[in-house]
Amino acid sequence: MPPPPPPPLGLRLRLSLLPPHPIAPSIRHAFCSPSVVSCHLSVRPLAQRRGGRPRPLCAARGEAEAEGFAWPDGSEEELRRLLELLPRELSRRVETHPELPALVEVVMDLGRPPLARFPSGDFLLSQRPISFDDLRHATSHSQVGDFGADNRAGISRTLHRISAIRNRKGVIVGLTCRVGRAVPGSANLLQDLVKDGGSLLLIGPPGVGKTTVIREIARMLADDYKKRVMIVDTSNEIGGDGDIPHPGIGNARRLQVPNQDMQHKVLIEAVENHMPQAIVIDEIGTKLEAMAASTIAQRGIQLVATAHGVTIENLIMNPSLEMLVGGIQSVTLGDEEANRRGVQKTVLERKGPSTFTCAAEIVSKKELRVHRSLEATVDALLAGKLPNFEIRKLGSKGSMQEVSVQKEQSHLGIYDATEFGSDSLRNARRSLDSAFSLDSAEGHIVRSDGADSSFNLYAYGDVLDLRVDCLASHSSAGVGRQCYFNL
């Protein structure tokens, strides 16, 4: 008679979002034994040592670097000061996350579980809802400055920002603790434009890194090019909170704005009182600020500023900021001129010179679209044509990769998107990649000083003509050729 089957094996597992410790061989052997009926497997949090004490923040460095997240110089201590505002159990949970160096912000709303936001997504810190005591612990901390009219505060000599949500009675019921970092080299993609001395406008949606780039540009102008730089800092995001600016701005000087409505006045004050060679502004958002920026540019001062938007078209359609691109006006053409241009009698044209020489659309932290001539870009868009711009990317090792994209100056309306869609572009790119042995995942080749040739291809929008820049480098000088493919 065969032996009876072994009793069923029962396991009770405790799941954790954290990487578990390796299971000892003795435990693995015990699980394989038929005499074991029920076992309880627990995973010890990474933040705890054997004695139960919380692990110091620096202990997460090795794990973070193993995950591909690097610590910028000095940011580790500054991040520790921000985490001190959180209840101890929450700060321990943040410290154990493998993406700790890339922490974006911590959100604490009354009556809701707290969240930590990382590039990979939101991370739940605790199931326990936030209480008034947690909020008071954060806002009453000695490191936190006073909240201004914009409901923002900071931590002295750091770049962190504490933003408050208030109820109708003015009581704080929510906090967004946003991490600020000075990232050396974040403006390397724009170094040639900064060195040329022209005014530069940075455009991008919130959170894409505009303030980080403009802070590095201010340091670059002051330290590398020895210019007299004044920063007009509305919310202390460029130079940090407190009377002593953050070292991330180098030798640039900083003018704090007591009230956001006074930014345009402080801009003029900076020019008249301190004789700067360059002025750096963050977040131009009103018509008065745009007018003040235009006045500064007319005085021959290099201007570097940011504005919210995704593309240049957003500025053209924004009545408050259109002055930054020269202003827009409606012009009625005569019959002969309209026939010569092949357009309607009423057209839009640029009213005057642009405040900025060039512009950069920040696509991501490693990719930019650079418009070397902002006026030419605006004129092309108003005429219904595709502008010229450059795609600049940071390589895996920090090297710059550049793709020059020169659009055919044809009217946008002649292309039918239903007949030539994204599938046609994808097939065209695949065919050309195969013909020239390009990597379709990259879509471009890094410019090199070697003797080999490379082809740069970029397909953008619903266009019929793709231009391929063929770059051949020789020992004496580089030779550039351009090839056209009509699809």
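Residues numbered from 1 in each chain as written. Predicted model: local features only at pLDDT ≥ 70, side-chain atom pairs only at ≥ 80, totals over all residues. Heavy atoms only, no water.

Quick notes on the overall build of the chain
Summing up its helical and strand segments, the chain has 13 helices and 22 strands in all. In the chain, of all internal contacts separated by at least 6 residues, the share reaching a separation of at least 24 is 55%. (Helix = DSSP H or I, 4+ residues; strand = E, 2+ residues; numbered from the N terminus. Contact = heavy atoms within 4.5 Å.)

Looking at the packing of helix 8 (residues 263-274) against helix 9 (residues 287-298)
One way to put it is that helix 8 packs onto helix 9 with a least axis distance of 8 Å and a crossing angle of 15 degrees. Looking at the two axes, helix 8 sits roughly parallel to helix 9. Relative to helix 9, helix 8 is oriented so that their crossing is left-handed. Where helix 8 approaches helix 9, its residues Gln263, His264, Leu267, Ile268 and Val271 are matched on the opposing element by Leu288, Glu289, Ala292, Thr295 and Ile296. Each residue belonging to the contact of helix 8 with helix 9 can be placed in one class, and the counts come to six nonpolar, three polar and one charged. (Axes fitted to C-alpha atoms, helices over the stretch in contact; angles between N-to-C directions. Parallel < 35°, antiparallel > 145°, perpendicular 65-115°, else oblique. Left-handed = near helix turned anticlockwise from the far one by under 90°. Nonpolar A, V, L, I, M, F, W, Y, C, P; charged D, E, K, R; others polar.)

Observations regarding the sheet that holds strand 8 (residues 172-178)
Strand order in this open sheet of six strands is 5-4-3-8-7-6, and the pairing throughout is antiparallel. Taken across any chain shown, the strands that pair with only one partner, and hence form the sheet edges, are strand 5 (121-124) and strand 6 (152-154). Between one strand and the next, the sheet's axes are offset by a mean angle of 25 degrees, whatever the strand orientation. (Pairing = 2+ DSSP bridges.)

Concerning the nonpolar core
In terms of nonpolar packing, the biggest core is built from 34 residues, with Leu201, Ile279, Ile284, Ile312, Ile316, Phe356 and Val378 touching the most fellow members. Those elements giving two or more residues to this core turn out to be strand 9 (200-204), strand 10 (229-233), helix 8, strand 12 (278-281), helix 9, strand 13 (302-308), helix 10 (312-317) and helix 12 (374-382). Sequence-distant contacts of Ile316, that is, excluding residues within four places in its chain, are made with Glu322, Val325, Ile328, Val378, Leu381 and Leu382. Core analysis: the second largest hydrophobic core is formed by 28 residues, Leu193, Ile238, Val280 and Val370 among them. (Core = buried A, V, L, I, M, F, W, Y, C linked by side-chain atoms within 4.5 Å. Buried < 20%, exposed > 50% of the residue type's maximum accessible area, 1.4 Å probe, protein only.)

As for the pairing of strand 9
When you tally the buried positions in strand 9, you get five out of five residues, the bulk of the element. Burial of the side chains of strand 9 extends over both faces: Leu200, Leu202 and Gly204 are buried on one face and Leu201 and Ile203 on the other. In the sheet, strand 9 pairs with strand 13 via five bridges, with the strands oriented parallel. When the bridges of strand 13 are listed, Gly204 appears paired with His308. Pairing of strand 9 with strand 16 (residues 358-364), which is carried by four bridges, proceeds in the parallel orientation. Among the inter-strand pairings, Leu201 is bridged to a residue of strand 16, identified as Ala359.

Side note on the packing of aromatic side chains
All told, the structure shown has one aromatic pair when counted by the stated rule. If you follow Arg166 out to its NZ or CZ, it ends over the ring of Phe147, 5.8 Å from the centre. (Phe/Tyr/Trp six-rings, centres within 6.5 Å; stacked < 30°, edge-to-face > 60°. Lys NZ or Arg CZ within 6 Å of the ring centre and 35° of its normal.)

Thoughts on the pattern of salt bridges
In this structure the tally under the stated criterion is 23 salt bridges. A salt bridge links Glu89 to Arg128, with the shortest nitrogen-to-oxygen separation between them at 3.2 Å. Taken together, the residues span a long stretch of sequence, with Glu89 in helix 4 (residues 88-95) and Arg128 in the loop between strand 5 and helix 5 (132-139) at a distance of 39 residues. With a relative accessible area of 32%, Arg128 lands in the partly exposed category. A salt bridge links Arg128 to Asp134; its shortest N-O distance comes to 3.1 Å. One salt-bridge network, held together by shared partners, links Glu105, Arg117, Asp122 and Arg178. (Salt bridge = Lys/Arg side-chain N within 4 Å of Asp/Glu carboxyl O.)

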